[in-house]
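Take a look at the letters that make up each chain.
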Amino acid sequence: MADDDHPPSGTGRAGHATPRCTLVVNPTAGKGRAGRRLPDVLTAVARALPRHRIDVRRTEGYPEAREACGRAVEDAEAAAGRDDCLLVMGGDGMMHLGVNACAGTSVPLGMLPAGTGNDMCRGLGLDLRGPVRAAERLGGARTRTVDALRVEGELAEGRTSTWVGSVVATGFDARVNRRANAMARPKGNLRYAVAALAELATFTPLPYRLAVDGTSRELEAMLVAVGNGGYYGGGMNICPSADPTDGQLDVTIIHPASRATLLALLPLMFTGWFVHHPAVERLRARRVDLLGDGLVAMGDGELLGPAPLSVRSVPAALTVLA
């Protein structure tokens, strides 16, 4: 892991009092866009946060980035009153790591979108015009608290719980996500379209057993998506009414439909207009328990694990620089 210090533009009254801003970056995100823009981003951050010492952590893999985010937040909590913050730069995977490091703490998270989808930033209403513009807007930025999803179950990598900032997917959408993650080509959002067409060829409705705020339901569905910020898959607005500050989950269910119908709905997901189709049902809840044979959940585009699992909204769990 590369470890670079960008000298602060100013110092505190004592060295230990100088607030620290740790920037964790995946230089390969967005087809290498993050690495190319990093020098300009550092200049913008230094101007926006002149009192902060800026520490850069260039990471080469997911475990390394997770460790860097976690360590930065641990250091920030140990230095209470120093106004430290964590910045993450990359795609939705990097944002997911930032959320998991900062949620449940008072350490602010700044998100600098440099990926291809940037769905979490989109759902939170953050600047999507690139990491430099997002860094420039840190100057004078206030913090605000937003909700996060707490997911519990027998999750990947031996975990029993994790945070999700955007959407938990469990059906056709989750299978498309997994296929797209495994594809080397094409790059960018086109991967999701190719993966969707490939999955559509053989997909059949899945059996779900749900508990929505304690009320049980059994049904077959093409997908059940549980949203906080509402977007996934490179801009698909799967939960158009999602508000990440209302303390509630937005649940979108697409009931069994023909392949032709699902194919017709896919482009409408980018605008949110698909919700007017009679096969679509929307709910709001504070907790959803998901069970069903063969269900594997994805969250923020990352593998969560198999059902059963529970998803609940935790109000004001995350402090963001916005």
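To start, this report covers the structure provided alongside it. These numbers were taken from a predicted model, which means no experiment stands behind them.

### Side note on the overall build of the protein chain
Okay, so step 1: Scanning the protein chain from N- to C-terminus turns up 8 helices and 19 strands.
Okay, so step 2: Against the compact-globule benchmark of 20 Å for 322 residues, the protein chain has a radius of gyration of 20 Å, which places it among compact chains.
Okay, so step 3: For the protein chain, the C-alpha atoms occupy an extent of roughly 65 × 40 × 35 Å along the three principal directions.
Okay, so step 4: Out of the 322 residues belonging to the protein chain, those deemed buried represent 55%.
Okay, so step 5: For the protein chain, the share of sequence-separated contacts (at least 6 apart) that also reach a separation of at least 24 residues comes to 71%.
Okay, so step 6: If you average the places of the 36 positive and of the 34 negative side-chain charges in the protein chain, the two averages end up 5 Å apart.

### Section: the environment of glycine 171
Okay, so step 1: Residue position: glycine 171 is located in the loop between β8 (167–169) and α6 (172–182).
Okay, so step 2: Put simply, glycine 171 and threonine 202 are 31 residues apart on the chain and 13 Å apart in space, counted from C-alpha to C-alpha.
Okay, so step 3: Non-local contacts of glycine 171, meaning those with residues more than four positions away in its chain, are made with Phe203, Leu206, Tyr208, Met222 and Leu223.

### Description of the pattern of salt bridges
Okay, so step 1: Taken as a whole and judged by the stated rule, the model has 15 salt bridges.
Okay, so step 2: When the shortest N-O distance is used, the salt bridge between arginine 82 and aspartate 84 registers 2.5 Å. Taken individually, arginine 82 and aspartate 84 each receive the classification buried, so the pair is uniform in this respect.
Okay, so step 3: Connected through salt bridges with shared partners, the residues Arg20, Arg53 and Asp55 form a single ionic network.

### Quick word on the environment of leucine 210
Okay, so step 1: Following the sequence through the fold, leucine 210 ends up in strand β9 (residues 206–212).
Okay, so step 2: Separated by 75 residues in the primary sequence, leucine 210 and alanine 135 have C-alpha atoms spaced 41 Å apart.
Okay, so step 3: Excluding anything up to four places from it in sequence, leucine 210 contacts Thr215, Ser216, Arg217, Leu219, Ile253, Asp289 and Leu290.

### Topic: the packing of α6 against helix α7 (residues 190–200)
Okay, so step 1: Look at α6 against α7: their axes get within 8 Å of each other, and the N-to-C directions meet at 120 degrees. Considering their axes alone, α6 and α7 lie oblique with respect to each other. Here α6 runs over α7; the crossing is right-handed. Between α6 and α7, the residues in contact are Phe172, Arg175, Val176, Asn177, Arg179, Ala180 and Asn181 and Arg191, Tyr192, Ala195, Ala196, Ala198, Glu199 and Leu200, respectively.
Okay, so step 2: Split by residue class, the contact of α6 with α7 holds 8 nonpolar, 2 polar and 4 charged.

### A few points about the sheet that holds strand β18 (residues 302–306)
Okay, so step 1: Taken in spatial order, the 6 strands line up as β15-β14-β11-β8-β17-β18 in an open sheet, and their pairing is antiparallel. The open sheet has two edge strands with one neighbour each: β15 (280–285) and β18. If you compare each strand with its neighbour and ignore which way they point, the axes differ by 20 degrees on average.
Okay, so step 2: Relative to strand β14 (residues 249–254), strand β11 (residues 223–227) runs antiparallel, the two sharing 5 bridges. Looking at β14, one finds that glycine 227 is bridged to aspartate 250.
Okay, so step 3: Lying over the sheet, α6 contacts β8, β11, β17 (296–299) and β18, oriented at roughly 70 degrees with respect to β17.

Criteria and cut-off values
- Residues numbered from 1 in each chain as written.
- Predicted model: local features only at pLDDT ≥ 70, side-chain atom pairs only at ≥ 80, totals over all residues.
- Heavy atoms only, no water.
- Helix = DSSP H or I, 4+ residues; strand = E, 2+ residues; numbered from the N terminus.
- Rg over C-alpha atoms; globule rule 2.2 N^0.38 Å.
- Buried < 20%, exposed > 50% of the residue type's maximum accessible area, 1.4 Å probe, protein only.
- Contact = heavy atoms within 4.5 Å.
- Lys, Arg positive; Asp, Glu negative; His and termini not counted.
- Charge placed at Lys NZ, Arg CZ, Asp CG, Glu CD.
- Salt bridge = Lys/Arg side-chain N within 4 Å of Asp/Glu carboxyl O.
- Axes fitted to C-alpha atoms, helices over the stretch in contact; angles between N-to-C directions.
- Parallel < 35°, antiparallel > 145°, perpendicular 65-115°, else oblique.
- Left-handed = near helix turned anticlockwise from the far one by under 90°.
- Nonpolar A, V, L, I, M, F, W, Y, C, P; charged D, E, K, R; others polar.
- Pairing = 2+ DSSP bridges.

These figures capture arrangement, not role.
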